[in-house]
Amino acid sequence: MFNLRKTRRTLRKLFRKARELVEQPIVDLASGIPNYKPPREVLDAVSKAFNMDLCYTSPRGLLDLREKLSEKIEDEHGIYYDPDNEVLITHGASEALYSALVVMLKDSRKILVPTPHYPFYKHQILSLRGKLLTYPFGTNIPFSKSLAYIEKHMSSGRDKYAILINSPHNPTGKVLSRKEVEELSEFIEERDVIVIWDEVYEKIIFEGEHYTLANIQESKSKVVFINSFSKTYAMHGWRIGFIYGPSRIIDEVFKIHKAITLGLNPIPQLAALAALNTNKKYIENILNILRKRRNTILSRLKRMEAFDLAKGQGTFFLFPKLKLPGMSCEEFVKVLQNNGVKVLPGKAFNEEGYVRISFAHAGLDEIEQALGRIENVVTKIIKSRQ
Ligand SMILES: Cc1ncc(COP(=O)(O)O)c(C=O)c1O
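Numbering of residues starts from 1 in each chain and follows the order in which that chain's sequence is written. Per-residue local features of the predicted model are confined to residues with pLDDT of at least 70, and side-chain atom pairs are confined, for both listing and counting, to 80 or more; whole-chain, interface and lining totals are unaffected and use all residues. Excluding hydrogens and water, the side-chain figures rest on all heavy atoms present in the structure.

Next up on the list: the overall build of the protein. If you tally the helices and strands in the protein, you get 12 helices and 14 strands. Here the radius of gyration uses the C-alpha set of atoms, whereas the globule reference equals 2.2 Å times the residue count to the power 0.38. Taken over C-alpha atoms, the radius of gyration comes to 23 Å for the protein, in line with the 21 Å a tight globule of 386 residues would show. Across its three principal directions, the C-alpha atoms of the protein cover 80 × 60 × 40 Å. Buried residues in the protein amount to 53% of all 386 residues. Helix and strand assignments follow DSSP, with helices taken as H or I runs no shorter than four residues and strands as E runs no shorter than two, numbered in order from the N terminus. The buried label goes to any residue with under 20% of its type's maximum accessible area, the exposed label to any with over 50%, and the partly exposed label to all in between, with areas taken from a 1.4 Å probe on protein chains only.

Now the structure itself:
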């Protein structure tokens, strides 16, 4: 028999739930897209650019921009990279990485990738029919252990290798220390190996410094750096990045880059130049905002007993291990999503048992709201198991 009362009650509940959902949109702690805006100077440069005669630019990128980048690198790391043939402007870090990988694979090099890793590494390598070889990397792994894995791969045959380094590291936030970079420099010295160093989070560091192989002259011939304006200057949609390294490798990368792009749109390049001329306060300000978000998340997660927290020194990500026995990360992520918080499972980064929490996209208020929801969910799960 049709029960009118019961139906009304159910409908009321559903409407209440829907109202709550409208009032409480999902807090996005998954996205790596910053919610801060590019510097004002960037927007001004763009409006000026529209009145210019825009035409094809040098396929290597605007010379002014390459010169400015060469100065930046020398100021920050002490080594000169020639803007004519050692610095190349690319369609984001993604294209720089892709072109570099093509060069490595053409040279029959196998690519060693840190795990966990930014998912695009795997997509790019597999799309090029390369093989994904991994080594463990992260906040709770001594770098000597990562190198031991790399060594093991390399000693298993006569193959040549390229090592992908990502520091500051997405997703764990690990930043290689000076000592670890020196270890890496020694490691590559004796071996036929190229390092591809993805440093797109170079400015998002809360503890320590961005010391790299670009600080060590002896390593220069064996390393290319991939960088971008996406994270530091929130210019992700502008698709502008760069690669620098010894001319021997950059010339090869250039051939691929030119074949794909025939040069880039000048507007993002002019915008990037303006970004580099921005007052340093822009970055300080962003770091202060991000630091507050990070500290808030760290102190609240510590209280929850559901996570093993190994905090990194940089990036806007945390990658805690889930400590809820009998519950998979996928299940946990789903439950959180149903309760208004979006995070990513470690599996997306090729590492089971972890979740990635991003503080790039949500503001402090939203983050606090999300933490309340996470705490609620965790408390309920723990209670249900007692
Ligand atoms: C580690 C890493 N490298 C590269 C990229 C891509 O950068 P771009 O937007 O410049 O292509 C990202 C974007 O999230 C990233 O996390």
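Text resumes after the structure shown.
What makes two strands pair is DSSP finding at least two bridges between them. Across the sheet, which stays open at both edges, the three strands sit in the order β10-β14-β13 with antiparallel pairing between neighbours. Each edge of the open sheet carries a strand with a single partner, namely β10 (317-318) and β13 (344-345). Pairing geometry for β13 and strand β14 (residues 355-358), over two bridges, is antiparallel. When the sheet's bridge partners are listed, P345 is paired in β14 with V355.

This part takes up the sheet that holds strand β4 (residues 132-136). What the seven strands build is an open sheet, ordered β2-β8-β7-β6-β5-β3-β4; its pairing is mixed. Both edges of this open sheet fall to β2 (87-90) and β4, since each of them pairs with a single strand only. On average, adjacent strands in this sheet sit at an angle of 25° to one another, irrespective of strand direction. Where strand β7 (residues 223-228) and strand β8 (residues 241-244) come together, four bridges link them in antiparallel fashion. Counterpart to S228 in the pairing with β8 is G241. The contact definition used throughout considers only heavy atoms, calling two residues in contact when any of these lie within 4.5 Å. The axes used here are C-alpha line fits, helices contributing only the stretch in contact, and every angle between their N-to-C directions lies in the interval 0 to 180 degrees. Helix-sheet contacts for helix α6 (residues 143-154) involve β3 (109-115), β4, β5 (160-166) and β6 (193-198), and the interaxial angle to β4 is about 150°.

Our focus in this paragraph is the packing of helix α10 (residues 281-303) against helix α12 (residues 364-384). The N-to-C vectors of α10 and α12 enclose an angle of 10°; their axes lie 10 Å apart at closest approach. It follows that α10 is roughly parallel to α12 by the angle criterion. Only L364, I367, E368, L371, G372 and E375 of α12 make contact with α10, whose side of the interface consists of K292, R293, T296, I297, R300, L301 and R303. Any angle that is under 35 degrees is reported as roughly parallel, and any over 145 degrees as roughly antiparallel; angles of 65 to 115 degrees are reported as roughly perpendicular and all others as oblique.

Let us look at a nonpolar patch on the surface. Surface patches are defined over residues having more than 30% relative accessible area and no salt bridge, joining like charges when they lie within 9 Å and nonpolar side chains (Val, Leu, Ile, Met, Phe, Trp, Tyr) when within 5 Å. Working definition of accessibility: Shrake-Rupley area with a 1.4 Å probe, residue cover restricted to the visible protein chains. Salt bridge criterion: a side-chain nitrogen from Lys or Arg within 4 Å of a carboxyl oxygen from Asp or Glu. A surface patch of nonpolar side chains, amounting to about 310 Å² of accessible area, comprises F50, M52 and L54. Within the secondary structure, M52 is located in the loop between α2 (40-49) and α3 (63-77). For M52, a relative accessible area of 45% gives the class partly exposed.

Considering all chains together, one arrives at 19 salt bridges under this definition. The shortest N-O distance in the salt bridge between K72 and E76 comes to 2.8 Å. Of the two residues, K72 and E76 both sit in helix α3, four residues apart, roughly one turn of that helix. Judged by its relative accessible area of 13%, K72 falls in the buried class. The partly exposed category is assigned to E76, whose relative accessible area is 35%.

Bringing the site of the ligand into the picture now. For the ligand, the set of nearby residues contains 14 residues, the closest of which are S94, D198, Y201, S228 and R239. The backbone of A93 places a nitrogen or oxygen atom 2.7 Å from an oxygen atom of the ligand. At 2.6 Å from a nitrogen atom of the ligand is found a side-chain nitrogen or oxygen belonging to D198. Protein coverage of the free-state accessible area of the ligand, which is 400 Å², stands at 92%. Residues are labelled near a given molecule or strand when at least one of their non-hydrogen atoms is within 4 Å of it. Any pair of nitrogen or oxygen atoms within 3.5 Å is treated as a polar contact; in protein, a donor-acceptor pairing is required on top of that, and neighbouring residues in sequence qualify only through side-chain atoms on both sides.

Attention shifts here to the pairing of β2. Along β2, one buried face is formed by V87 and I89 and the opposite face, lined by L88 and T90, is buried too. Note: β2 against β8, four bridges, orientation antiparallel. Residue pairing across strands places I89 opposite F242, the latter belonging to β8.

Attention now moves to the nonpolar core. In globular proteins that are soluble, nonpolar side chains generally tend to be buried together. Core analysis: the biggest nonpolar cluster contains 117 residues, and L29, W197, L213, F229 and F332 have the highest contact counts within it. Residue ranges assigned to the domains are those given by an automatic or database domain assignment. For this core, the domains that each give at least three residues are domain 1 (4-30 + 281-384) and domain 2 (40-276). The residues contacting L213, other than those within four sequence positions of it, are V181, L184, S185, I188, V195, W197, S219, V223 and F225. Take the buried Ala, Val, Leu, Ile, Met, Phe, Trp, Tyr and Cys residues and link them wherever side-chain atoms come within 4.5 Å; each set so joined is a nonpolar core.

Aromatic rings from Phe, Tyr and Trp, taking only the six-membered ring of Trp, are treated as a pair when their centres fall within 6.5 Å; an angle between ring planes under 30 degrees marks them as stacked, one over 60 as edge-to-face, and anything in between as tilted. By the definition in use, this model includes 18 aromatic pairs. Ring geometry for F137 against F143: centres 6.1 Å apart, planes inclined by 90°, an arrangement best described as edge-to-face. With respect to burial, F137 and F143 carry one shared label: buried. A ring pair is formed by F319 and F349, whose centres lie 6.1 Å apart and whose planes are at 80°; its orientation type is edge-to-face. Highlighted residues: F319 in the loop between β10 and β11 (321-322) and F349 in the loop between β13 and β14, separated in sequence by 30 residues. Across the pair, F349 and F319 agree in class, each one buried. Three or more aromatic residues link up through ring pairs in this structure, and these residues are Y81, W197, F225, F229, Y233, F242, Y244 and Y282. Geometrically, a charge over a ring is one whose NZ (Lys) or CZ (Arg) sits within 6 Å of the ring centre while staying within 35 degrees of the ring normal. Positioned over the ring face of F187 is R191, at 3.9 Å from the centre of the ring.

To continue, consider unusual backbone geometry. The linkage connecting T115 with the following residue, P116, adopts the cis geometry, with an omega of 5°. Turning to its location among the elements, P116 is positioned in the loop between β3 and α5 (119-127). Positive phi, normally seen in glycine, also occurs at S108, with a value near 55°. For S108, the position within the fold is in the loop between α4 (92-106) and β3. Overall, the relative accessible area of 52% leaves S108 in the exposed class.

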